[in-house]
Amino acid sequence: HRYCKELPKLREKWSQSARAAVNDFTLQEPSLAIRAVMLKEFLPASGEASSALNEVLVGTCRKARQFKNYPVAGRCLMQIATIPTLSKENQLVCRLEQALTEWQRKDTERALNIARSLSIAMERDHPTHVCYPHVLSLAGQWMHETRSENPRQILSLYLKKSLDAAVAFQSRKQLTEI
């Protein structure tokens with residue numbers, strides 16, 4: 001497909017345009033939506049195209065959440081869930097974005113459930129994932145704020161594990177740099 005050859009250039013241009021500060025999401029959202037449609041329609045379902053589509057949708061979700069436009073954030077999350085070739089790593093990031101969106105929408109119970117299940121899944125299958133310490137920290141922080149767990153359990157099950165995972169990640173990162 002001829003568009004596949006242009007994808008790296010396109011992603012670079014989009015990255016540059018994202019740096020331009022526009023403080024009105026209503027001006028940004030249409031161009032972000034067009035990018036997503038273009039990636040879905042014109043590119044074959046490949047890993048690189050799925051990754052680019054996921055990147056655009058996650059970025060749109062984050063901006064929508066920043067501007068408290070939760071319907072757009074939810075729509076992006078639903079679109080991400082329908083990407084057939086989405087990597088396991090991107091699925092985890094999508095679930096984290098969903099938890100953050102629910103928390104900001106004040107649906108604390110749903111956000112906590114997502115964060116708990118995500119932390120369990122990551123501990124079991126992806127303990128070295130870069131998001132794992134963040135997920136544990138968020139879950140612990142949210143449980144503390146909602147007083148949904150015993151403080152000692154929060155410290156041992158979430159916050160201490162978060163620190164241990166972050167230290168382990170930093171150690172692995174330093175070893176690979178040598």
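Notes on the structure follow. (Residues numbered from 1 in each chain as written. Predicted model: local features only at pLDDT ≥ 70, side-chain atom pairs only at ≥ 80, totals over all residues. Heavy atoms only, no water.)

Quick look at unusual backbone geometry now. You will see that Lys-106, though not glycine, has its phi angle at about 75°, which is positive. Even without glycine at this site, Arg-147 takes up a positive phi of about 55°. Looking at the secondary structure, you find Arg-147 in the loop between helix H7 (132–146) and helix H8 (151–177). Residue classification places Arg-147 among the exposed positions, given a relative accessible area of 71%. (Helix = DSSP H or I, 4+ residues; strand = E, 2+ residues; numbered from the N terminus. Buried < 20%, exposed > 50% of the residue type's maximum accessible area, 1.4 Å probe, protein only.)

This part is about helix H4 (residues 70–81). For H4, which comprises 12 residues, the first-to-last C-alpha distance of 16 Å matches the rise-based estimate of 16 Å (1.5 Å per residue) to within 8%. Buried within H4 are the following residues: Tyr-70, Val-72, Ala-73, Cys-76, Leu-77 and Ile-80. Projection of H4 onto a plane perpendicular to its axis shows the buried side chains occupying an angular sector of 160°, all on one side. Across from the buried face of H4, at angles greater than 90 degrees, the exposed residues are Pro-71, Met-78 and Ala-81. (Expected span 1.5 Å × (residues − 1). Arc of directions from axis to C-beta.)

It is at 7 Å that the axes of helix H5 (residues 88–104) and helix H6 (residues 108–125) come closest, and there the two elements cross at 155°. Here H5 is positioned roughly antiparallel relative to H6, judged by the angle of their axes. Every pair of crossing elements has a handedness; the one defined by H5 and H6 is left-handed. Contacts between H5 and H6 involve Leu-92, Arg-95, Leu-96, Gln-98, Ala-99, Glu-102 and Trp-103 from the former and Thr-108, Arg-110, Ala-111, Ile-114, Ala-115, Ser-117, Leu-118, Ala-121 and Met-122 from the latter. Of the residues that constitute the contact of H5 with H6, the class distribution is 10 nonpolar, 3 polar and 3 charged. (Axes fitted to C-alpha atoms, helices over the stretch in contact; angles between N-to-C directions. Parallel < 35°, antiparallel > 145°, perpendicular 65-115°, else oblique. Left-handed = near helix turned anticlockwise from the far one by under 90°. Contact = heavy atoms within 4.5 Å. Nonpolar A, V, L, I, M, F, W, Y, C, P; charged D, E, K, R; others polar.)

What follows covers the pattern of salt bridges. Under the counting rule described, the total for this entry stands at 8 salt bridges. Among the salt bridges present, the one from Arg-75 reaches Glu-29, with a minimum N-O distance of 2.7 Å. Remark: Glu-29 occurs in helix H2 (residues 25–42) and Arg-75 occurs in helix H4; sequence separation between them is 46 residues. For the salt bridge of Glu-97 with Arg-62, the shortest nitrogen-to-oxygen distance reads 2.7 Å. (Salt bridge = Lys/Arg side-chain N within 4 Å of Asp/Glu carboxyl O.)

Let's shift gears to the packing of aromatic side chains. Counted by the stated rule, this structure contains 1 aromatic pair. When the centroid spacing of 4.5 Å and the interplanar angle of 5° are considered together, the rings of Trp-103 and Trp-142 count as stacked. Of this pair, Trp-103 sits in helix H5 while Trp-142 is found in helix H7, placing the two residues 39 residues apart along the sequence. Overall, the relative accessible area of 17% leaves Trp-103 in the buried class. (Phe/Tyr/Trp six-rings, centres within 6.5 Å; stacked < 30°, edge-to-face > 60°.)

Turning our eyes to something else, we now look at the side chain of Ser-162. For Ser-162, the location among the structural elements is in helix H8. Since its relative accessible area comes to 9%, Ser-162 is described here as buried. If we ignore the near neighbours within four places in the chain, the residues touching Ser-162 are Pro-133, Leu-136 and Ser-137.

Here we come to the layout of surface pockets. The space that makes up the second largest pocket amounts to roughly 270 Å³. If you trace the second largest pocket, you find 16 residues lining it, with Leu-77, Met-78, Ala-81, Cys-94 and Gln-98 closest to the centre. Taken together, the elements giving at least two residues each to the lining of the second largest pocket come down to H4 and H5. By residue class, the composition of the lining of the second largest pocket is 8 nonpolar, 4 polar and 4 charged. (1 Å grid on protein atoms, 1.4 Å probe; cavity = no way out; pocket = protein on both sides within 12 Å on 5 of 7 lines; lining within 4 Å. Points joined across faces, edges and corners; volume = space filled by probe spheres on them.)

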